[in-house]
Structure formats: C-alpha cells, structure tokens
Amino acid sequence: MIESSDKNRELLQKMTLEEKASIMSGSSFWLLQGIDRLGIPEIRVADGPHGLRKQPETDDNLGIGGSIPATCFPTAVTLASSWDRDLVHRVGQALADECLQEKVSVVLGPGVNIKRSPLCGRNFEYYSEDPLVAGEMSAAFINGVQSRGVGCSLKHFAANNQEYYRLIIDTIVDERTLREIYLRPFEIAVKKAQPWTLMCSYNRINGVYSSDNHWLLTEVLKNEWQHEGIVMTDWGACNDRVQGIRAGLELEMPGSNGINDKKIVEAVRKGLLEESLLDSAVLRMLSLIDKGAPVLKSVSHYDVNEHHLLARSAAEESMVMLKNDSMLPLQKDSSLAVIGDMAVKYRYQGAGSSQIVPTRLSNPYRQMCDYCKVELPYARGYDSSTDSLDSKLIEEAVNVASSVEAVVVFAGLPNIFESEGFDRDHMRLPQNQNALIDALIKTGKPVVVILSNGAPVEIPWLDSCKALLEGYLGGQAGAEAIVRILFGEVNPSGKLAETFPVKIEDTPCFNYFPGNPHQVQYREALYVGYRYYDTVDSEVTFPFGFGLSYTDFAYSDLNISASEINTDETVTVTCKVRNSGKVAGKEIVQIYVSDVESTVYRPKQELKGFAKVMLQPEESCEVSFTLSKEDFAFYDVDSQSLQVESGLFSIHVGASSRDIRLNTQVKVQSDFVPVVSVDQRTALSSYYSPILQNGVMSVDSTTFEALLGQSLPVAETSTRPFHRNSVLIEIQSSWIGRRLYKSIVHEFVKQTDNSNDPTVDLMMRRMLDEMPLRSMVLLSGGLFTERKLNAVLDLLNGRFIRGIKGLLRD
C-alpha cells in the first residue's frame, strides 16, 4: 500500500460512507467529484494524446463536440518515428503548459497499445508494434507532462488492439505473450514515469473485463509494478462497480448519476465489500486530487508561436523518407506541379476522441507556393471524401503534369478510412488515388509522393515513383515540415516504428483479426510485427526501423565489455557511427538480441535499445548500450518471472531490423534450466517453426490450446437470454429490441448532430451498434436508468408482465 498523507487520512475519517462512494466517480463528463463540505475540489480531465482537447462542460454528453483551440502536435504514430525521447519529453511539457492555462489537471494519454494489425482504426494514436519503443516513448511523454505538475492517464490497459467490438470483446491470449508483448509497454511506462492514472480498457482478457480484473489491476499493476496512482475506467467501461473496487479500480468515468455510488454503499453495509478496500481506494483518489488541485489556482499562459514551432520541429524529426532515386531534395526554382486533394485538404491528425482544434493550420500546396515564391500549377486529381474514380479529375491532373518537369503528389488515408470506433477493411489506399498516381507515372514525368496516413498501406506503384515521403499525421505544422524536407532545409531522420507488409495477407494475425463479435484469439502469440517477418524471412515493403537520409552513415568498431556474464551482471556494447556524407544528419542506431539456441520458442531477434545521434559531415561518435538480464530473458509462466537460459546470444547493431551492420556474441550463464518435454515441443511445433499456408501464418486450435494451457473458451452467441452486456445490434432479433434500438439511435443522433461529418457519423453508429446495454445507463445523461434497463431486459427475454411493471415504476 502506498503511504498516504496525514491530511488525507484525517479527511478519510471525516467522510461519510456515501461521500467515500461518491468520490470514486466523476461528477460530470470531464470533472471528478469534489466534496465542498470537506474542501475537496473538483479537478478536470481532458482528452489529449497529441494536443489538449478541452470541451465546454455543457457541450455534449458524448464527448465528441467542439473544443477550445490548442496546439495539434503530430500523432503518436508520427512521434514514434522520431525515436527521440527528448523530443517527446518536450512535447509533453508543452502539452502540460496548455493544460495549466486551461486548468486541466489530467490529460488522457498517451496510448501505448501494440499495433497487432495494420488494420486497427486507432493505430495512429499508438506508438509501435514493438513494446520497447512504445514503452520508452510513452515514458518520455509522461515524464514531460508530469514535470509541469499535470498528470497523465496511460491507456488502454490492456490487450485492446482493435476497434471492432472493443466494448465487449474477449481477448484470448497466453500469459507469456501478454507479458512480453502487450503488457510490456505499460510496465516500462509505469516503472520509468509513474503516471498519475492508468485507464483500463473496455474489453475482456481471457474472460474477465479489464475493469473487474484483480490479477491485472492489483496483482500485476499495484503489487508487482508498484504503481502509485489510480486506475480509472475508459468512458462507460465499468462492468461491475463493486467487483471493480475489489479488483483495484478506483475511478469510474464519467460517473453514473449516483447509481453505482449507491451500489458501493449497499455492498459495504451488507458486508459484500470490505470498507477497508474502499478506504484504500479513496486514499488513492485523495492523493490524485492533491496532485491535481494546484492546477486550479495556476496562472499560466503558453506561447502559441513557440508551441507551433515545436510542433513543426516534432514533425520534421518524425517524417520518414522511404525512397529517393536522387530526386530529393527539390530545387526552389524547379518546374513543379502539385497534385492531389490532400495537398489542399491536408490530413494532419486522426479522427475520434483525440481530434484537436488547431491554433493555426496551413496546407502543403500553400506552403510550397510560399516557399517557391510562385503560384505552382495545381490539380485536385481525386476527391478525398470518396474512393470513387473521377476520370475528369485524373485527366486534368495529367494535363497539368504534362506542362512541368516533375510532379509532387499528396495522397493518403481520409478520415473515413481510419478512425476511432471502427477498423479498416483493407490496407489499400483509395482506388482513385492509386489510379491517379499510375496515370501520372505513365506521363514519364518524375513523380514524388507524400503520404498522410496513420498506418501502413499497400504501395503498388513503389517501383515506379522517384521518391516517397511518409508524412504520417504531422499535426498543425506538418505541411511546413513536409516542404522543408522536400527542399532540403531539413534532413529527414525519422525511421519506421512499424513494419510495412507488402499486403494484409502477409500479416501474422491475418487469419485471426478481428475475430468474431465476442472473441478474438491471439494465435500468432509472440509473432507480432518484425518478430514474425524476420523469423520467417517474409518479404516486406519496408522493414521495422527503416528510414533514409540525405546523407549516409558508416558503422564500425564494435566492442563488447565481456564475452561472458552471469544474469546478475551487465554487458556494455559500443560502436562508432560516422556521417560519411556531405550534409549534417541524424542516425537512429538500433541494437537487437537473438538467442542462438533456445529450449523455449523465441522470435529471431528483438529490439533491446536505440539511440538517435546528430553528426556533421565526417563527424563520428561512439554509441553505447548496456544490456542486462531482462534483455536476454523470456517470461517463464511456471515461475511467474523473467528467466534466462544459459547459452550464446547474438547481438546485432544496425540501421533497421533488416539492415544489420555489426554483429557480436556474448555467453550468458544462468542457474535457470527450462524444462520442455518432447511432447510439449511437438505440441507447439507451429511456434518453434511457424507454419505458413499459402503465405499466411496458421495455428490450429489444438496448438493454441497447448500454448494457453487450457481448452479454448466457447465464444458467446448473440441469442437469448439477453443480459447487461448484450450489445444494441444484437437485440434487434426481437420486435421489442428493434423498437428500442430505433429509439436509442434517434436519441443519440439528436445529441451528436454531426450530419456534416460522415466519419463521426460512422464512428458513432459503430459504437452504438457495439455498445453493451449497461453502458446506456452511464452515457445517457439519466435518460436510461438502471431500473429501466432491468425492465427492458425482462421484455427482451419474454417476461412481459414483469417488464411492463418495471417500466411503469421507473
């Protein structure tokens, strides 16, 4: 138990049971509950993974309405490509300064969920497919924010790697994979940064909702990792309020209009919940309010121009040059045409709850014209609101291209293709964009393509374009960063924090993503991202860690401090990196570790460190990495701990997972001896030597059950009896359900009132369809009560008389 202040213990003694229960939930959509009688203030939280999204308190009940202007920094997918901890730390500080001005005590971010599939609609809001990169970036961000006296909410805890049925889906995953891949970034962030709060996810993990999961919230997070803050729900993610308290859940958001407070009080009075557990949770809440309260009295104003320049710098450091056939940098007086709807309607951020109203914004076309001091020829080329082909727009673009020496095309994924609330259906760009690029290439003019997207895409025209810049979602200053890179004012230094597969069928989870509405099975286990592609030597479009520069770097002089160590010792690996080109640039040096011969199955190699260094032409520097036990270890389920098997480990230093420049080995001595029988190894053969059927990873049920150590749970069905966690779309199988569904959709449509934004409309419709009935009580603003829910369930399940009586009593 984390020690609490004497003041908070005195407050606890003065609180009534009802007050204790009330402080465990929000008083409104964005405010935590205060207690005036005891001088406990309300503190405010707000969305903000890549910028502050503070809404007026009366704006809406769903948290999707307008917000105050704030600096829109590059999204997490973009920032991760910088591989620059210091930069991310500074972005966190700047975001906190904006929170101080607006008196926001906790910002709801960062998100560190692993990119299991490129199709996850929210990948733009997450850092990486690799847990080390995700953990290090999030720790840097949190430390930056919290250094200013503003808290973070690390999310979404845990195994929330898709939008499809995220509110109820059951993630079936073996413990080793959960520990090494999906929990690892949270662990790194908690131990290095101690976020004030963690936000638990909506989904279930092996049958248990995250908000009810004692193993996850208490045994792992509080006891093992020693988290000192509180756990809060995602909005509407509380399944069972009393069980949540037992499990280690403190704060329910956005609150339940007192419904769940009464359940807590009743459970304590009936002896179903120990008051000591409630007291411990209250003390953590009081500690959070203590930390957040000074923000309410702060007098702070941030410099809008300074933050805009930081946003530009962050974008410049993060964009990734993927191809350059001596085409870039462009010359200022070049004969250029700019093509593409996204050159004017620039996509600079993702869609959903993280959407920021920027303090300023420009588009790439205007920035290019201003830089070149001339109105460059322009053609729209396609309509970014659709993927339908328009031959006239393509013809106009070809005509414009014919009048110049080179073409710069802006393409990418529109909001309607990727957003919170729904996953992508495929990995392709809109067909009208691919058709446009093909037509421009056929003109014979050199074509440079700039992408604006939040996740990997298929690139069928890659061999034919002259240059390709991955701009990702660059924030409000992203257009300026693109132009400065294109014309050589900035040397690109970003590298991919995710693999670009050739096609979606190449991904290891292709057969298992997104599962069915009630269950998703992580049969690919540890084989996520490059861990899979490198193990099976699969062709990829661009490997993990890849990125080009306007200069070159040479690696040499690899040294290791010892050829043999014990598990309680460390080993230091150093190498020299030299800028062998003619312009200054930054290189991201990566170190990978491989177990040469392992008794347990392991991926071919795993990232264990990285460093970004700045070098002038012909300048060199020494880069150093220190490796310890955990860098050679795997998670042993039997001993419930990290263990190292004695033997040789290869150490690889390089510029990407596929561009290894230097190699060495170290022998590690350990007392631990893993025991894997011949039968066990045979049962897990698909993991020791991944089986590909028509190029796709395949793991049968028997093998996955052997990995889980138990039989696969039977996935729920959408048939009767309906219950609190039945989702809205399922209840339409009955006449009463259809009427109720239409009524609820009508009410929510009135509240959203976003008919001019098809992405928001689609997001809300998907979320409504997949929303459990219990969430309606929490998110309806009091329109749909607990008693009404029970009555509706009676009606849906054929108990008509009891249901009608219940509705009449409500």
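One can find the structure itself at the top, above this paragraph.
Computed from a predicted model, the values in this text were never measured in an experiment.

Peer 1: What is the right way to read the overall build of the protein chain from this model?
Peer 2: Of the regular secondary structure elements, the protein chain holds 26 helices and 31 strands. Computed over the C-alpha atoms, the radius of gyration of the protein chain is 27 Å, within 12% of the 28 Å expected from 2.2 N^0.38 for a compact globule of 810 residues. The principal-axis extent of the C-alpha atoms belonging to the protein chain is close to 75 × 65 × 55 Å. Counting all 810 residues of the protein chain, 63% fall into the buried class. Of the roughly 29,400 Å² of accessible surface on the protein chain, 47% is carried by carbon and sulfur atoms.

Peer 1: Is there a simple way to explain the packing of helix H14 (residues 391-402) against helix H15 (residues 431-442) in this structure?
Peer 2: Any two packed helices are characterised by the angle at which their axes cross and by the distance between the axes. Viewed as axis vectors pointing N to C, H14 and H15 meet at an angle of 30 degrees, and their least axial separation amounts to 10 Å. It follows that H14 is roughly parallel to H15 by the angle criterion. The element H14 and its partner H15 pack so that their crossing is right-handed. For the pair H14 and H15, contact is made by Ile-394, Ala-397, Val-398 and Ala-401 and by Ala-435, Leu-436, Ala-439 and Leu-440, respectively. Taken together, the residues of the contact of H14 with H15 sort by class into eight nonpolar, no polar and no charged.

Peer 1: What is the right way to read the pairing of strand E14 (residues 406-412) from this model?
Peer 2: In summary, the side chains of a regular strand alternate between the two faces of the sheet. With seven of seven residues buried, E14 is to be regarded as a mostly interior element. The alternating pattern of E14 places Ala-406, Val-408, Phe-410 and Gly-412 and Val-407, Val-409 and Ala-411 on opposite faces, both of which are buried. Bridge analysis of E14 against strand E15 (residues 447-452) gives six bridges, and the strand direction is parallel. Across the sheet, the residue bridging to Ala-411 is Leu-451, located in E15. Regarding the hand of the β-α-β motif, the stretch spanning E14, H15 and E15 is right-handed.

Peer 1: Help me understand the sheet that holds E15 in this model?
Peer 2: Paired through backbone hydrogen bonds, the strands of a sheet run either parallel or antiparallel to each other. The mixed open sheet is built from six strands, whose spatial order is E10-E16-E15-E14-E11-E13. Edge positions in the open sheet fall to strand E10 (320-324) and strand E13 (378-379), since each of these has one partner strand only. Two strands pair when backbone bridges link them, and strand E11 (residues 336-339) and E14 are joined in this way by four bridges, in the parallel orientation. From the neighbouring strand, Ile-339 faces E14, where its bridge partner is Val-409. Across the face of the sheet, helix H16 (residues 478-486) comes into contact with E14, E15 and strand E16 (467-470) while running at roughly 150 degrees to E15.

Peer 1: Which parts of the structure should I look at to understand helix H5 (residues 131-146)?
Peer 2: The α-helix advances 3.6 residues per turn, and as a result positions three or four apart in sequence lie on the same side. Between its first and last C-alpha atoms H5 spans 22 Å; for 16 residues at 1.5 Å apiece the expected length is 22 Å, and the two agree. With respect to burial, H5 is a largely interior element, 15 of its 16 residues being buried.

Peer 1: Sorry, what's going on with the side chain of Glu-498 here?
Peer 2: Positionally, Glu-498 belongs in the loop between H16 and strand E17 (500-501). With relative accessibility at 4%, the residue Glu-498 sits in the buried group. Of the polar contacts made by the side chain of Glu-498, one reaches the side chain of Lys-115; its length is 3.4 Å. Separated by 2.7 Å, the side chains of Glu-498 and Tyr-472 make a polar contact. Ignoring anything within four residues of it in the chain, the contact list for Glu-498 reads Val-77, Lys-115, Glu-129, Ala-455, Pro-456, Tyr-472, Pro-543 and Phe-544.

Peer 1: Looking at this structure, how should I read the nonpolar core?
Peer 2: Across soluble globular proteins, nonpolar side chains have a tendency to be buried as a group. Grouped together as the largest cluster of nonpolar side chains are 231 residues, with contacts concentrated most on Phe-157, Trp-235, Ile-339, Met-368, Leu-468 and Leu-486. Residues contacting Met-368, with those up to four places away along its chain left out, are Leu-336, Val-338, Leu-376, Val-408, Phe-410, Val-483, Leu-486 and Phe-487. Counting residues in each nonpolar core, the second largest holds 26 residues, with Phe-553, Ile-565, Val-613 and Val-623 among its members.

Analysis parameters
Residues numbered from 1 in each chain as written. Predicted model: local features only at pLDDT ≥ 70, side-chain atom pairs only at ≥ 80, totals over all residues. Heavy atoms only, no water. Helix = DSSP H or I, 4+ residues; strand = E, 2+ residues; numbered from the N terminus. Rg over C-alpha atoms; globule rule 2.2 N^0.38 Å. Buried < 20%, exposed > 50% of the residue type's maximum accessible area, 1.4 Å probe, protein only. Areas by Shrake-Rupley, 256 points an atom, 1.4 Å probe, with all protein chains shown as cover. Axes fitted to C-alpha atoms, helices over the stretch in contact; angles between N-to-C directions. Parallel < 35°, antiparallel > 145°, perpendicular 65-115°, else oblique. Left-handed = near helix turned anticlockwise from the far one by under 90°. Contact = heavy atoms within 4.5 Å. Nonpolar A, V, L, I, M, F, W, Y, C, P; charged D, E, K, R; others polar. Pairing = 2+ DSSP bridges. Right-handed = clockwise from strand over helix to strand, strands pointing away. Expected span 1.5 Å × (residues − 1). Polar contact = N/O pair within 3.5 Å; in protein donor to acceptor, adjacent residues only side chain to side chain. Core = buried A, V, L, I, M, F, W, Y, C linked by side-chain atoms within 4.5 Å.

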